[in-house]
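Here is how the chains run, residue by residue.
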Amino acid sequence: NVSSLTPDTFILMGIPGMEQLHVWISIPFCCIYVAALLGNGVLLLTIWAERSLHQPMYLFLAMLAVADLTLSTTAVPKTLALFWFQAREISFGACLTQMFFLHFTSMAESKILLAMAFDRFVAICVPLRYGAVLTPSAVAKTGLAAVLRSFCIIFPCIFLLRRLPFCGHTVIAHTYCEHIGVARLACADISINVWYGLAVLFSVGLLDLGLIAVSYGFILLALWRLPSRSARRKALHTCGSHVCVLLLFYVPAIFTALTQRFGRRIDPGTHILLANLYVLFPPLLNPIVYGVRTQQIRDRVVKVFMHPKSRL
């Protein structure tokens, strides 16, 4: 009876080899998480309060903020509870739920980043068609597509894990539950889990990243033709910031996915620290790069919080 081999709880180890430093590591983790909550919260409130920001670019930015909040909140509070209160236990159902929302949100965020790159491509390369291409209906359908695609891709992972028997192996060498990390505890063949994860990584993640690279390639070509050197420099500076955020999101994600499958010789502590940075730094930096560095957002934040009556 396979169901009888399903554990009631798993034990999260945290960061192997750094158990004595958990309390100290928790301090920057907590600070970054609180800053990410405040930054994305302010961004969402500003976009919601200001009708002038109800445009495709800012609506995509609001979707990204929601994804960032979900991603960090799914993992960080449990990690902090582990570091502060030794709350290592997590139920089997809660573990699968955490795993689902982590991967689901990452997949949705990848789609949103692709949509934002396409938005900039249309705005810069074919500006006269911007209003016709990125209609409110198109923006809503893009958000719905991101949710549906992520759900359809990640939901099978739950069944791939539930079919596995666990013969007493319940210790997860991590701060949160993720697909392959849980599957490796099973006393059965997990080839399907591994190949499914790789198929998702290469067919979806790298496809999104490739399309984003193509979009920014066309954007850079268009910017290079600008006659004004100052305008070109300003646009390149903005694109450079966006590319840094993209790399910060995709590089740790791809590294973590490949390490779980092939990186047996990589130090577990290094791998888990990078996996935690993946759920901490993008939510922290996205509001700064896409929000604070955008003139319209800065002006509206001041208007909303310094002069709230002016919105009436």
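Residues numbered from 1 in each chain as written. Predicted model: local features only at pLDDT ≥ 70, side-chain atom pairs only at ≥ 80, totals over all residues. Heavy atoms only, no water.

So, empty space enclosed by the protein
Counted according to the given criterion, the structure contains 3 cavities of 30 Å³ or more. Taken together, 29 residues line the largest cavity, and the ones lying closest to its centre are H103, S106, A253, A257 and Y278. Elements that contribute at least two residues to the lining of the largest cavity include exactly α3 (92–125), α5 (136–162), α7 (191–224), α8 (229–262) and α9 (268–292). A per-element tally of the lining of the largest cavity places α8 first, with 8 residues. In terms of residue class, the lining of the largest cavity is built from 18 nonpolar, 9 polar and 2 charged. Every residue along the wall of the second largest cavity is listed here: M57, F60, L61, M116, D119, R120, Y216, H242 and Y290. (1 Å grid on protein atoms, 1.4 Å probe; cavity = no way out; pocket = protein on both sides within 12 Å on 5 of 7 lines; lining within 4 Å. Points joined across faces, edges and corners; volume = space filled by probe spheres on them. Helix = DSSP H or I, 4+ residues; strand = E, 2+ residues; numbered from the N terminus. Nonpolar A, V, L, I, M, F, W, Y, C, P; charged D, E, K, R; others polar.)

Considerations on the side chain of D119
Mapped onto the secondary structure, D119 falls in helix α3. The contact partners of D119, leaving out residues within four places of it in the chain, are P56, M57, F60, Y130 and L134. (Contact = heavy atoms within 4.5 Å.)

Here we look at unusual backbone geometry
The backbone of Q86 shows a phi angle near 55°, a positive value even though the residue is not glycine. Here Q86 shows up in the loop between α2 (56–85) and β2 (89–91).

What about a nonpolar patch on the surface?
Residues V42, L45, W48, V302, F305 and M306 make up a contiguous nonpolar surface patch of about 620 Å² in total accessible area. Among the secondary structure elements, those contributing two or more residues to the nonpolar patch are α1 (22–49) and α10 (295–306). Take L45: it is sitting in helix α1. With a relative accessible area of 36%, L45 lands in the partly exposed category. (Patch = residues over 30% accessible without salt bridge, like charges linked within 9 Å, V, L, I, M, F, W, Y side chains within 5 Å. Areas by Shrake-Rupley, 256 points an atom, 1.4 Å probe, with all protein chains shown as cover. Salt bridge = Lys/Arg side-chain N within 4 Å of Asp/Glu carboxyl O. Buried < 20%, exposed > 50% of the residue type's maximum accessible area, 1.4 Å probe, protein only.)

Considering the UniProt feature "transmembrane region" (unreviewed entry) in the protein
Taking the numbering used here, the UniProt-annotated feature "transmembrane region" (unreviewed entry) corresponds to residues 23–45, 57–76, 112–130, 142–161, 209–227, 239–258 and 270–290. The span residues 112–130 is 79% helical and 0% strand by assignment, and the distance between its end C-alpha atoms comes to 18 Å. Across residues 142–161, helical content stands at 100% and strand content at 0%; the span's end C-alpha atoms are separated by 30 Å. (UniProt positions renumbered as here; feature names shortened; annotations may be inferred.)

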